[in-house]
Amino acid sequence: MPKHGITEAPTMEPEGMLVVSGEVRQVLEGVSYGTYKSDSTAIEATFLSTVATVLELFNSDGSPDTSGLTIISVSPPDSASRAVARLHLQTSQLQFDYGVRIVVGEGNDYTSADQAYKSAVSNLDESIADNSFTESLQESGNSALAFATADETPEISEPEQEVIRPATSSTIQDLLDDGAIAGIVIGAIIGIVFCSVGGFYY
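As the structure is a computational prediction, the values presented were derived from the model and not from experiment.

Visitor: Break down unusual backbone geometry for me, with residues and values.
Guide: Excluding glycine, a negative phi dihedral is what most residues carry, and trans is how most peptide bonds are arranged. Although it is not a glycine, glutamate 56 sits at a positive phi angle of roughly 60°. Mapped onto the fold, glutamate 56 is located in the loop between helix H2 (40–54) and strand E2 (69–75). Here asparagine 131, not a glycine, exhibits a phi torsion of approximately 75°, which is positive.

Written as structure tokens, this is what we have:
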């Protein structure tokens, strides 16, 4: 279960691109699970676009960059029986569990993994407090989210950090992909021709 809050993000010596990731649990009101099931792709796309905007993740053209955001699951409130499950199809509440993966300095102004994580937590919390998350959903043009609200503070996991290191040497597969296999085949054919010619003169 993700837990809200952070003491300090882990630190590492940067020898490549820094990546910080975590999971978020967030609840929306005003949209039923039945509505979500009937238009899940569009609703998820709008939701992630809003998250990207809140986290200040953008493509070079200024559009929200959702490439590092992944929907893990979308569900209604927990149900204990079929009758309750049917009722929850009409209950106007959805729980979004999603992953966030931020490459420091790529499509954002962050300069460290610690800054990226703390800013993400702060921005999400602020977007709930100032109602900007709700406004973004309602003004998205997606009719299914016209009355959606985000009033609960998201639960956010502790961060994980990794370093994407640049490639330093070619692997055997790289060499084969670059045409070495063609050279092997050509060499084999030439060898066969020479052997055939030599055999003919004998």
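After presenting the structure, the write-up continues.
Visitor: If you had to explain the pattern of salt bridges to someone new, which residues and values would you point to?
Guide: Two side chains with opposite charge may pair up if their charged atoms get near one another. The full count for this structure, using the stated rule, is 3 salt bridges. Between aspartate 97 and arginine 25 there is a salt bridge, with its nearest N and O atoms 2.7 Å apart. In this pair, aspartate 97 sits in strand E3 (residues 93–103) while arginine 25 sits in strand E1 (residues 17–29), placing the two residues 72 residues apart along the sequence. Overall, the relative accessible area of 18% leaves arginine 25 in the buried class. The residue aspartate 114 makes a salt bridge to lysine 118 at a minimum N-O spacing of 3.5 Å. In this pair, aspartate 114 and lysine 118 both sit in helix H4 (residues 113–129), 4 residues apart, roughly one turn of the helix.

Visitor: Could you give an account of the nonpolar core, with specific residues and numbers?
Guide: Phe47, Phe96, Tyr98 and Phe133 are the most contacted members of the largest nonpolar core, which totals 40 residues. Those elements that place two or more of their residues in this core are E1, helix H1 (33–38), H2, E2, E3, H4 and helix H5 (132–138). When near neighbours in sequence (up to four residues on either side) are disregarded, phenylalanine 96 contacts Val24, Arg25, Gln26, Leu28, Ile43, Phe47, Ile71, Ser73 and Val74.

The rules behind the values
Residues numbered from 1 in each chain as written. Predicted model: local features only at pLDDT ≥ 70, side-chain atom pairs only at ≥ 80, totals over all residues. Heavy atoms only, no water. Helix = DSSP H or I, 4+ residues; strand = E, 2+ residues; numbered from the N terminus. Salt bridge = Lys/Arg side-chain N within 4 Å of Asp/Glu carboxyl O. Buried < 20%, exposed > 50% of the residue type's maximum accessible area, 1.4 Å probe, protein only. Core = buried A, V, L, I, M, F, W, Y, C linked by side-chain atoms within 4.5 Å. Contact = heavy atoms within 4.5 Å.

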